[in-house]
Protein chains: 2
Amino acid sequence: MPIEKEKKSATVSRRELLRGLGLGTAALALPELSQTAHAADAAHADVVIVGAGFAGLMAARTLQRAGKKVVLLEARDRVGGRVKAGKIAERAVDVGGMWVGPTQTRLLETIKEYGLHLTPQFEKGKNIFEMGHKRYMAEGEGLGLDKETEAEYERVVRELTKLSDPIPLAAPWTIARAQEFDDMTVDEWFRATTKDKGLLEFFRAWTRAICTADAYQISLLYFLFYLKSGDNFEMLFGFENAAQAWTVKETMHRVAGKIAEELGDAVMVGAAVRAISQDTASVLVESDKRKWRADFAIVAMPLPLSARINYQPPLPPQRDILAQHMPMGSVIKYWVAYEKPWWREKGFNGMLQSDEAPSQFIAGDGTPEEGKPGLLVGFMEGHHAMNWTGKSMEERKKKVVERLVSFLGAEAANPIDYEDQDWPADPWSRGCYGASMTPGIMTTVGRVIREPYGRIHWAGSETSERWMGYIDGAIRSGDRAAAETLARYK
Amino acid sequence: MPIEKEKKSATVSRRELLRGLGLGTAALALPELSQTAHAADAAHADVVIVGAGFAGLMAARTLQRAGKKVVLLEARDRVGGRVKAGKIAERAVDVGGMWVGPTQTRLLETIKEYGLHLTPQFEKGKNIFEMGHKRYMAEGEGLGLDKETEAEYERVVRELTKLSDPIPLAAPWTIARAQEFDDMTVDEWFRATTKDKGLLEFFRAWTRAICTADAYQISLLYFLFYLKSGDNFEMLFGFENAAQAWTVKETMHRVAGKIAEELGDAVMVGAAVRAISQDTASVLVESDKRKWRADFAIVAMPLPLSARINYQPPLPPQRDILAQHMPMGSVIKYWVAYEKPWWREKGFNGMLQSDEAPSQFIAGDGTPEEGKPGLLVGFMEGHHAMNWTGKSMEERKKKVVERLVSFLGAEAANPIDYEDQDWPADPWSRGCYGASMTPGIMTTVGRVIREPYGRIHWAGSETSERWMGYIDGAIRSGDRAAAETLARYK
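Residues numbered from 1 in each chain as written. Chains lettered and ligands numbered in written order. Predicted model: local features only at pLDDT ≥ 70, side-chain atom pairs only at ≥ 80, totals over all residues.

Enquirer: Hey, could you go over the overall build of chain A for me, with residue numbers and the actual values?
Expert: Scanning chain A for helices and strands turns up 16 helices and 22 strands. Relative to its length of 490 residues, chain A is compact, with a C-alpha radius of gyration of 23 Å against a globular reference of 23 Å. Principal axes of the C-alpha set define a box for chain A whose edges measure 75 × 50 × 40 Å. The burial tally for chain A puts 57% of its 490 residues in the buried class. A fraction of 74% describes how many contacts in chain A between residues 6 or more apart in sequence connect residues 24 or more apart. (Helix = DSSP H or I, 4+ residues; strand = E, 2+ residues; numbered from the N terminus. Rg over C-alpha atoms; globule rule 2.2 N^0.38 Å. Buried ≥ 20, exposed ≤ 12 C-beta atoms within 10 Å, placed from the backbone. Contact = placed C-beta atoms within 7 Å.)

The structure is reproduced here in structure tokens:
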């Protein structure tokens, strides 16, 4: 099939393409017309979206509602990406992203739009919190620290907020102290900021819990951006009125399923994308199922994995450097089932946290509203997940149950079911929740994170200014990429 | 073509495969026989080697000399990998790896074997060395520091050597202080070790020069290993009797060419490998040129890029985590030509170093033995390369010449030629010289670096114990991978 000279995409001018590339004329490497040889068997769409996580789903939905012909290509046999269905004691649960909070407004809107329901995170009773080999108990999600430690804790949090509050989400690399903060790890900052060894371990564990990366792996500048992106420390860390306020009664993966139902035949699973080539007229996307030619492509994958596609012409170097220096976090999510939530009768709310291996967030209560089975949900995070990934589920179960017994007593010893999701072993995510920037990256190549490359636009939670790394951020990134693409038709 | 049941590779037992996987039985995921559907049009070799840098070339040579039928698949249209031919003022030069030192014995042997010649690095006359906005001059490669600074410099170097000397190259993660050193950046260590601000900048710049990564990006444990791998600080940093002692008169890329000539038809260029699948009987390697079935594959690519191949079954998670947390260094190498080496007449040896942007190693004298043209060779390293990659050669030339004028005077202003190699923009290296480990990686997943995955063995300079990141290390890794593979036929 010869290239049609008069196609709709011809309305995108060369100058517009240059703008899209964010490059000077000298650097433009797009061939005039090159795909003829490969495209004979290609189907046609207006926009091809790569990856059916929330970012890709929402980008596709927006474009389809705007009248564009879209195809959403997904490598797996399911949609949802890092939101995934699992089963424990015959019950559907989320083995990926699950919680939603009050300022995650795009996710809340989407849940509401499809008539799904929120369930508040259970926290009635005492939690147990372990820090520096000591255990504390307090009501709800309180930490139960002594006054002095509490005051020091509050001081460190205030310091963090003082630094993160002024960060401009669209361009964190522009602040006056950007270089200083970017060349420093979060761990260094914690060590310099508090002399309380117990709290130091707590903050390290907390960083592992929210970033699924260790404090010594992350740039302080990136971390401050991340805090601001999700409001602040208290919002990211907390449950009630915070990022872990509610779960979705029908499960979070049902939300993804609903969007996919609306998209209908536009969704194609089992269609891993291997190559994307582009010229001045179109993009050609090669998947395991078939080839698609389109005006534009939106790549909505975990950022580091997006560089594993074969791009022609090759990605601009700064984009590739960004992908290389922004590894996925490591986490294993587990569910443990008992006949009923017996810990409640003992006055516990099931919330267990610790600064010791292998889990910061050992457990939260995930029991359904009808009161049984009793479910606990927890995570192995950061370097602990690196140590436990690839091992057998039996080995992990043994360790998890041992920890539960140590906190809740012998009744925890014989769960009726155990299930976990080893995210680093998933070839299409290679980690979870999101990717974090290592030191020195935000100030050198960070600014290319949302910069389109010719006819290719970028989505995925890592590219979001707001709620970066969360489902809400993924949705916002899909909104943005769809809007960028639509604007190019005008 | 149906799978032949009685093939030579059947001598590799299932138990042997398990050992090769470094995994318990539970984790073994290799399908019994699966490739039938894909392999109908596959050619056959005993071993397929992916990547024709020095590692792949040497692995292929060793196997071929041992009587194995090998095929060496190279994505580019040339061999040599990060050793590459360039031209300046009509003269062939190396725009990639170039130097060789006295303890790089495998590289020295190879150069000698092919009858090629060494040229000592020119250093007669004064060098100029800039530190903390001051300039020093000294004979040869001396730093010309004042006594007090010199003493502090020596002290820091001694401290480094004291820590790196006991590192066991095969398993750096086993030392007593492994965790402490791995969770710390090199920058932190330098800051904690010296209060001399000038020297601090010097050590930062020196780290950028030898690792092409910034001190705040690298694990201290990895760095200590790297120092030991290349003997010690003085060896890595120095010229005479050190890692930059000689160049190859006929160019280093001729060495790669000689090995390729010996390999003959076994080398196939323009054959980027896109997928490697394996089952209990064989591997199937899919390249842009054709498919190959073999008993074993050796992947001899830059480590982070090796994860961009589509593996079936997918890579074990710890290998993928390693690839994600071991980004390529960033460097741009440039050559500047003048009619003659006029700086020599002024008493300079052309060696210029600085702790200021964009180059630590601004220049060394690369003039050929016959005395003309006068050539200077230098590098932009680490975050400076991240800032300069993707720009036009004209822009970089302007900056480089400006720096040369500032050090050597107005005569430097009008070179007769300029050439550079933007390594991060090269899609098949995506950086140079090598990849460095970020904090916390060596102690978690570092031990899988040479661990075969079923029928796949790993080569490439990043996998070498000795001279890791150097050409000599690449050769040694090829030796090792070839020996591992041969051992599996026994």
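More follows now that the structure is in view.
Enquirer: Provide a residue-level description of helix α6 (residues 186-193) of chain A, including the pertinent values.
Expert: Considered for burial, the residues of α6(A) that qualify are Val186(A), Asp187(A), Glu188(A), Trp189(A) and Phe190(A). Buried residues along α6(A) sit in contact with α7 (197-211) and α8 (220-229) of chain A together with α6 (186-193) of chain B.

Enquirer: Break down the environment of Met393(A) for me, with residues and values.
Expert: Residues and elements named next belong to chain A. With respect to the element layout, Met393 can be found in helix α15 (residues 393-408). Exposure remark for Met393: the 15 C-beta atoms within 10 Å place this residue in the partly exposed category. The sequence separation of Met393 and Gln421 amounts to 28 residues, and the corresponding C-alpha distance is 9.0 Å.

Enquirer: Residues and numbers for the interface of chain A and chain B, please.
Expert: With 40 residues of chain A in contact, the opposing surface of chain B contributes 41 residues. Of all the secondary structure elements, the ones that give two or more residues to the side of chain A that touches chain B are α6, α12 (317-324) and α14 (383-388) of chain A. The biggest single contributor to the side of chain A that touches chain B is α12(A), with five residues. Counted by class, the side of chain A that touches chain B contains 17 nonpolar, 15 polar and eight charged residues. (Nonpolar A, V, L, I, M, F, W, Y, C, P; charged D, E, K, R; others polar.)

Enquirer: Before we move on, could you go through the relation of the copies chain A and chain B and cite the residues and values that matter?
Expert: Relative to chain B, chain A is turned by 180° and slid 0.0 Å along the rotation axis, the superposed coordinates differing by an RMSD of 0.0 Å. The two molecules are tied by a two-fold rotation axis, judged by turn and shift. Residue Arg308(A) of chain A places its C-alpha closer to the rotation axis than any other residue of that unit, at 2.3 Å. Of all interface residues in chain A, 100% are interface residues in chain B too; the two copies therefore contact each other through one and the same surface. (Least-squares fit on C-alpha atoms with pLDDT ≥ 70 in both.)

Enquirer: Hey, could you go over the confidence of the model for chain A for me, with residue numbers and the actual values?
Expert: All names here are of chain A. Here chain A averages 93 in pLDDT, while 92% of its residues score no lower than 70. Note on residues 1-28: pLDDT is under 50 here. Beyond four places in sequence and across chains, it has 32 contacts. Per the prediction output, this complex has pTM 0.94; the corresponding ipTM is 0.94. (pLDDT = per-residue confidence, 0-100.)

Enquirer: Could you give an account of helix α16 (residues 471-487) of chain A, naming the residues involved and the relevant values?
Expert: Residue and element names in this part refer to chain A. With 17 residues, α16 extends 24 Å from end C-alpha to end C-alpha; this agrees with the ideal 24 Å at 1.5 Å per step. Of all 17 residues in α16, 12 are buried, a share of seventy percent or more. Buried within α16 are the following residues: Ile471, Asp472, Gly473, Ala474, Ile475, Arg476, Ser477, Gly478, Arg480, Ala481, Ala482 and Thr485. Contact partners of the buried residues in α16: β2 (47-50), α2 (54-65), α3 (105-113), β15 (296-299) and β22 (456-458). (Expected span 1.5 Å × (residues − 1).)

Enquirer: Could you give me a rundown of the sheet that holds strand β18 (residues 348-354) of chain A, with the residues and numbers involved?
Expert: Residue and element names in this part refer to chain A. Across the sheet, seven strands lie side by side as β9-β8-β18-β19-β20-β17-β21; this open sheet has mixed pairing. The open sheet has two edge strands with one neighbour each: β9 (134-139) and β21 (417-422). For this sheet, the mean angle separating the axes of adjacent strands, direction not counted, is 20°. Bridging between β18 and strand β19 (residues 361-365) involves two bridges; their strand directions are antiparallel. (Pairing = 2+ DSSP bridges. Axes fitted to C-alpha atoms, helices over the stretch in contact; angles between N-to-C directions.)

Enquirer: Lay out the sheet that holds strand β6 (residues 99-100) of chain B in plain terms, naming residues and giving numbers.
Expert: Residue and element names in this part refer to chain B. Pairing within the open sheet is antiparallel, and its three strands lie in the order β6-β10-β7. Edge positions in the sheet fall to β6 and β7 (118-120), since each has one partner strand and no second. Bridge analysis of β6 against strand β10 (residues 246-248) gives two bridges, and the strand direction is antiparallel. In the strand pairing of β10, Trp99 is matched with Thr247.

Enquirer: Kindly report on the packing of helix α4 (residues 147-164) of chain B against helix α7 (residues 197-211) of chain B, identifying the contributing residues and their values.
Expert: All names here are of chain B. Contact geometry of α4 with α7 gives a least axis separation of 10 Å together with a crossing angle of 45°. Regarding the angle of α4 to α7, the classification is oblique. Of the two possible hands of crossing, α4 and α7 adopt the one that is right-handed. Each of Thr149, Glu152, Tyr153 and Val156 in α4 lies in contact with α7, whose residues at this interface are Gly198, Leu199 and Phe203. Along the lines of polarity and charge, the residues of the contact of α4 with α7 split into four nonpolar, two polar and one charged. (Parallel < 35°, antiparallel > 145°, perpendicular 65-115°, else oblique. Left-handed = near helix turned anticlockwise from the far one by under 90°.)

Enquirer: Explain unusual backbone geometry to me, using residue names and the numbers behind them.
Expert: Residues Gln312(A) and Pro313(A) are joined by a peptide bond in cis, for which omega reads -10°. When you line up the elements, Pro313(A) lands in the loop between β16 (310-312) and α12. A cis amide bond, omega -5°, links Ala357(A) with the succeeding residue Pro358(A). Mapped onto the secondary structure, Pro358(A) falls in the loop between β18 and β19. The backbone phi angle of Glu90(A) is positive, close to 65°, even though this residue is not glycine. Here Glu90(A) is to be found in the loop between β4 (85-88) and β5 (91-94). The exposure class assigned to Glu90(A) is exposed, which follows from the 9 C-beta atoms found within 10 Å. Even without a glycine there, the phi angle at His133(B) is positive, about 65°. Considering the arrangement of structural elements, one finds His133(B) in the loop between β8 (126-131) and β9 (134-139). Here His133(B) falls in the exposed class, since 10 other C-beta atoms lie within 10 Å of it.

Enquirer: Tell me about the domain arrangement of chain A, and please be specific about residues and values.
Expert: Under the domain assignment used here, chain A contains domain 1 (8-80 + 253-315 + 453-487), domain 2 (118-141 + 242-248 + 329-428) and domain 3 (147-237). Put simply, the middle of domain 1 of chain A and the middle of domain 2 of chain A, counted by C-alpha atoms, are 37 Å apart. (Domains from an automatic or database assignment.)

Enquirer: I'd like to hear about the environment of Arg135(B), residue by residue, with values.
Expert: Residues and elements named next belong to chain B. Among the secondary structure elements, Arg135 is positioned in strand β9. In this structure, the C-alpha to C-alpha distance between Arg135 and Leu145, residues 10 residues apart in sequence, is 9.6 Å. Setting aside residues up to four positions removed in sequence, Arg135 forms contacts with Ile128, Phe129 and Glu130.

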